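Analysis of the macromolecular model
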Amino acid sequence: PIIPGHEIVGRVDALGEGVTGFEPGQRVGIPWLGHTCGTCSYCQHAEENLCDAPQFTGYTRPGGYAEYVVADARFVFALGEEGDPVALAPLLCAGLIGWRSLVKAGDGKRLGLYGFGAAAHIVMQVARWQGRDVYAFSRPGDVAAQDFARSLGAVWAGDSGELPPVPLDAAIIYAPAGELVPAALRALRKGGRVVCAGIHMSDIPSFPYDILWQEREVVSVANLTRQDGLEFFPVAAQVGIHTETHAYPLEQANQALDDLRNGRFQGAAVLVP
């Protein structure tokens, strides 16, 4: 049994012994990565997202589907008082993983985003602010997602099986669909990179070597680091990111998940206790 919920905005109610840097009443955010051992080789080499003994908020430690949660203070971000907490919540995973995947994609001008949901609609705003051209790919026939992408500045939007009008420098896959990997490879220029940003993905089907050849790359993103937060939140404030959110009372959590699963809204669902 576990209390889920991995993107938490709340206020400090009490501090544990020895905790410094926070005050009761202060607004904070708790992300997906909730604890690391601090002693393994990954933690010792600034790769805490790959820790050998991590704990994840709402997955291996109790999360935010509750009125109170206990957090490791080392993995809590001060959020300040600006902004609606409902709008801030998606930044704590969709935003942070989106940022990490964007950095992993490199500095290319032409960026493809596969799966236009919570992470992609945040990443697009950062990418556009950086001066990139964004090409959005959705499930076949999902006109609403494609229109949403265009409204945020996509220079092109289409079905995931289509090729964009120009070869891409990089592509990020947020949808957990392994068949998108060869589709994204076909959309790349020589030397381009596909970033798989999900925690889970269905099996990647076999594909011809020639779409990987010419130094194209496939890489994955795992979790996030506290440094990602220190880099991302100031950028998010500069960009003025608008998160498309749909608030549900906590007791309607199952309805929110069902609506998400069936694509009944764009952006992110947020539960409000």
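Our subject is the structure listed above.
To keep things clear, this report deals only with the structure shown in the data block.

**Overview of the sheet that holds strand β1 (residues 8-11)**
With antiparallel pairing, the 3 strands of this open sheet are ordered in space as β1-β2-β5. Each edge of the sheet is formed by a strand with only one pairing partner; in this case those strands are β1 and β5 (77-78). As paired elements, β1 and strand β2 (residues 27-30) share 4 bridges and run antiparallel to each other. By the bridge assignment for β2, Ile8 is matched with Ile30.

**Comments concerning the packing of aromatic side chains**
What the rule picks out here adds up to 9 aromatic pairs. For the ring pair Phe232 and Phe233, a centre distance of 5.6 Å and an interplane angle of 50° mean the geometry is tilted. Take Phe232: its relative accessible area is 1%, and that puts it in the buried class.

**Topic: the sheet that holds strand β6 (residues 110-114)**
The parallel open sheet is built from 6 strands, whose spatial order is β8-β7-β6-β9-β10-β11. Looking at which strands have only one partner, the edges of the open sheet turn out to be β8 (156-159) and β11 (217-220). The average angle at which neighbouring strand axes cross in this sheet is 20°, direction not considered. The sheet contact formed by strand β9 (residues 168-173) and strand β10 (residues 188-196) spans 5 bridges and is parallel. From the neighbouring strand, Ile172 faces β10, where its bridge partner is Val195. Of the strands in this sheet, β6 and β7 (133-138) touch helix α4 (residues 118-129), which is tilted by about 165° from β7.

**Describing helix α3 (residues 94-105)**
An ideal rise of 1.5 Å per residue puts 16 Å on 12 residues; α3 measures up with 16 Å between its terminal C-alpha atoms. Burial analysis of α3 places 9 of its 12 residues in the buried class, the great majority of the element. Among the residues of α3, Ala94, Gly95, Leu96, Ile97, Gly98, Trp99, Ser101, Leu102 and Ala105 are the ones counted as buried. Against β5, β6, α4, β9, β10 and α7 (226-239) lie the buried residues of α3. Immediately beyond the C-terminal end of α3, within one or two residues, lies Gly106, with a positive phi of roughly 90°.

**Thoughts on the pairing of strand β12 (residues 245-249)**
Across 5 bridges, β12 lies against strand β13 (residues 268-272) in parallel orientation. What sits directly across from Ala247, in β13, is Val270. Viewed along the sheet, the connection from β12 through helix α8 (residues 253-261) into β13 turns out right-handed.

**Quick word on α4**
Helical periodicity: at 3.6 residues per turn, an α-helix aligns residues three or four positions apart in one direction. Helix length check: α4 (12 residues) gives 18 Å between terminal C-alpha atoms against 16 Å at 1.5 Å per residue, within 8%. In terms of residue burial, α4 counts as a mostly covered element, since 9 of its 12 residues are buried. Among all positions in α4, only Ala119, Ala120, His121, Ile122, Val123, Met124, Gln125, Val126 and Ala127 are buried. Contacts made by the buried residues of α4 are with α3, β6, β7, α5 (143-151) and α7. Phi turns positive one or two residues past the end of α4, at Gly131, with a value near 90°.

**Regarding the side chain of Asp228**
Residue position: Asp228 is located in helix α7. Overall, Asp228 belongs to the buried group, its relative accessible area being 7%. Setting aside residues no more than four positions away along its own chain, Asp228 makes contact with Leu96, Trp99 and Arg100.

**Section: the packing of α3 against α7**
One can describe the packing of α3 onto α7 by two numbers: an axis separation of 10 Å at closest approach and a directional angle of 100°. It follows that α3 is roughly perpendicular to α7 by the angle criterion. Listed contacts from α7 to Gly95, Leu96, Trp99 and Arg100 of α3 are Asp228, Gly229, Glu231, Phe232, Phe233 and Val235. Taken together, the residues of the contact of α3 with α7 sort by class into 5 nonpolar, 2 polar and 3 charged.

**Considerations on unusual backbone geometry**
Working note: non-glycine residues mostly have negative phi, and peptide bonds are mostly trans. Of note in this structure, Ala46 is not a glycine but carries a positive phi near 60°. Following the sequence through the fold, Ala46 ends up in the loop between α1 (41-44) and β4 (55-56). One non-glycine residue with positive phi stands out, namely Glu215, at about 65°. With respect to the helices and strands, Glu215 occurs in the loop between β10 and β11. You can call Glu215 exposed: its relative accessible area is 69%.

So, how was this worked out
Residues numbered from 1 in each chain as written. Predicted model: local features only at pLDDT ≥ 70, side-chain atom pairs only at ≥ 80, totals over all residues. Heavy atoms only, no water. Pairing = 2+ DSSP bridges. Helix = DSSP H or I, 4+ residues; strand = E, 2+ residues; numbered from the N terminus. Phe/Tyr/Trp six-rings, centres within 6.5 Å; stacked < 30°, edge-to-face > 60°. Buried < 20%, exposed > 50% of the residue type's maximum accessible area, 1.4 Å probe, protein only. Axes fitted to C-alpha atoms, helices over the stretch in contact; angles between N-to-C directions. Contact = heavy atoms within 4.5 Å. Expected span 1.5 Å × (residues − 1). Right-handed = clockwise from strand over helix to strand, strands pointing away. Parallel < 35°, antiparallel > 145°, perpendicular 65-115°, else oblique. Nonpolar A, V, L, I, M, F, W, Y, C, P; charged D, E, K, R; others polar.

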